[in-house]
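# Summary of the model geometry
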Amino acid sequence: MTTVGILGGGQLARMLALSGAPLGLRFLVLDSTPDACAAQFAPLLQADYRDQDALASFADQVDVATFDFENVPAESARWLAERVPVFPSPRALAVAQDRLAEKTLFRELGIPVPEFADIASRQAMDEALQRIGTPCILKTRRLGYDGKGQFRIKSPDDADAAWAALGSQADTVGLILEGFVAFQRELSVLAVRGRDGELRAWPLTENWHESGILSASLAPAAVDAALQAQALATARKVAEALDYVGVFALELFLRDGVLLANEMAPRVHNSGHWTIEGAETSQFQNHLRAVLGLPLGDTRAIGHSVMLNWIGEMPSLLPVLAEASGHWHDYGKSPREGRKVGHATLRADTREALADALERTGRALGRDAQVAPAVARLREPG
Ligand code: AMP
């Protein structure tokens, strides 16, 4: 019996456990909160990620360890890796935890990135503002997610407000200033790399955000083969540079035909949830296969899929279940503003059929605005 240890017990760990059950896997989840939603399906070791006794007990009970949460302290990952195989490696985790380190790596690899600068002081910010110009975004280097830890600087007049909001974090989690990219689309590439170095990528996904949180994803994205190839080459460069094992996502901005890399998630990713029903092999199943050294599954899409995120509270499931290929995912969390509590995926064989299903569902749920961008994209000619 193989046991996979997961650091972090949120919905990603929950979906990993659900996907690993048919492979006969057992799971153990380490999380600091008693109500971690993965604990509804896997035993929970409730402890702080820095608790060495808990980490030792975790290492004793698992055959391999992986992450649901990318902000597990890198030292804890390193400590564990001396006792049990950990994938992705602590080094890959450390790079992906730090916006400055990951953008520096992308640039070294020749991958286009937004302009950026390390901000260690107010003076450094003022100099970077001169060089990069406005609009731009001040972000924390570490521990930011879903648009948190970010301040948009629209004009030089906003500099004081930006520093008042985030300046105190320059000495703790660090800060980075990024040029604002006037992108035409937001895309992500999800890929998986096996322990033997084999790499597979799912088709590019187009994403729409609301207040910095993913709202909807459409896959395959309506892009030409050249862009798809560019995304795959980018994913391969990053994965090989980090000797990465497992699933990862690169969030990309498409501007004037060029893909700029925004950030890397060293784990299964929200923009890949559509793969559960919309691809031959899901990101969750392939992540487990990768970390266990098993053969990777085909990443081909089956038809067209749209994933809708449920933020704050779950809507009624009936309109989604009424669709021929509507799939419901309730994470078993209590409602809270800004919290990802579930998602739905609609799948269809053609773009037209998916647009119709999506429009019907949006109307029935009173969420026309959430579905509108994907419906419009699906109805575009070509
Ligand atoms: P992030 O946490 O970096 O993924 O940012 C959350 C969202 O904010 C992104 O998905 C974009 O919609 C937006 N965003 C972040 N950075 C930039 C940027 N440099 N230019 C334009 N939009 C951005």
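The following refers to the structure shown. (Residues numbered from 1 in each chain as written. Predicted model: local features only at pLDDT ≥ 70, side-chain atom pairs only at ≥ 80, totals over all residues. Heavy atoms only, no water.)

## Here's the deal with the sheet that holds strand 3 (residues 44-46)
Threshold: Should DSSP find at least two bridges between two strands, the strands are taken to pair. Each helix is a run of H or I in the DSSP string that is no shorter than four residues. Each strand is a run of E no shorter than two, and both are numbered from the N terminus. Angles run from 0 to 180 degrees between N-to-C directions of axes, and those axes are lines fitted to C-alpha atoms, restricted for helices to the stretch in contact.
Taken in spatial order, the four strands line up as 3-2-1-4 in an open sheet, and their pairing is parallel. Each end of this open sheet is capped by a strand with a single partner; those strands are strand 3 and strand 4 (64-67). Within this sheet the neighbouring strands show an average axis-to-axis angle of 25°, counted without direction. Strand direction decides the pairing type here: strand 1 (residues 3-7) and strand 2 (residues 26-31), joined by five bridges, are parallel.

## What about the pattern of salt bridges?
Note the cut-off: Salt bridge, as used here, is a side-chain nitrogen of Lys or Arg placed within 4 Å of a carboxyl oxygen of Asp or Glu. Note on exposure labels: buried denotes an accessible area under 20% of the residue type's maximum, exposed denotes more than 50%, and partly exposed covers the range between, all computed with a 1.4 Å probe on protein chains only.
Taken as a whole and judged by the stated rule, the model has 25 salt bridges. Among the ionic pairs, Arg141 bridges to Asp98, the shortest N-O distance being 2.7 Å. Separated by 43 residues along the polypeptide, Arg141 in the loop between strand 6 (136-140) and strand 7 (150-153) and Asp98 in the loop between helix 4 (90-96) and helix 5 (99-108) bring together distant segments of the chain. When its relative accessible area of 7% is taken as the criterion, Asp98 is described as buried. Taking the shortest distance from any N to any O, the salt bridge between Glu206 and Arg185 comes out at 3.7 Å. Linking Glu206 in strand 11 (residues 205-210) with Arg185 in strand 9 (residues 185-193), this pair joins segments that are 21 residues apart in sequence. Here the two residues Glu206 and Arg185 agree in accessibility, since each one is buried. Via salt bridges that share partners, Asp98, Asp118, Arg141 and Arg142 belong to a single interconnected network.

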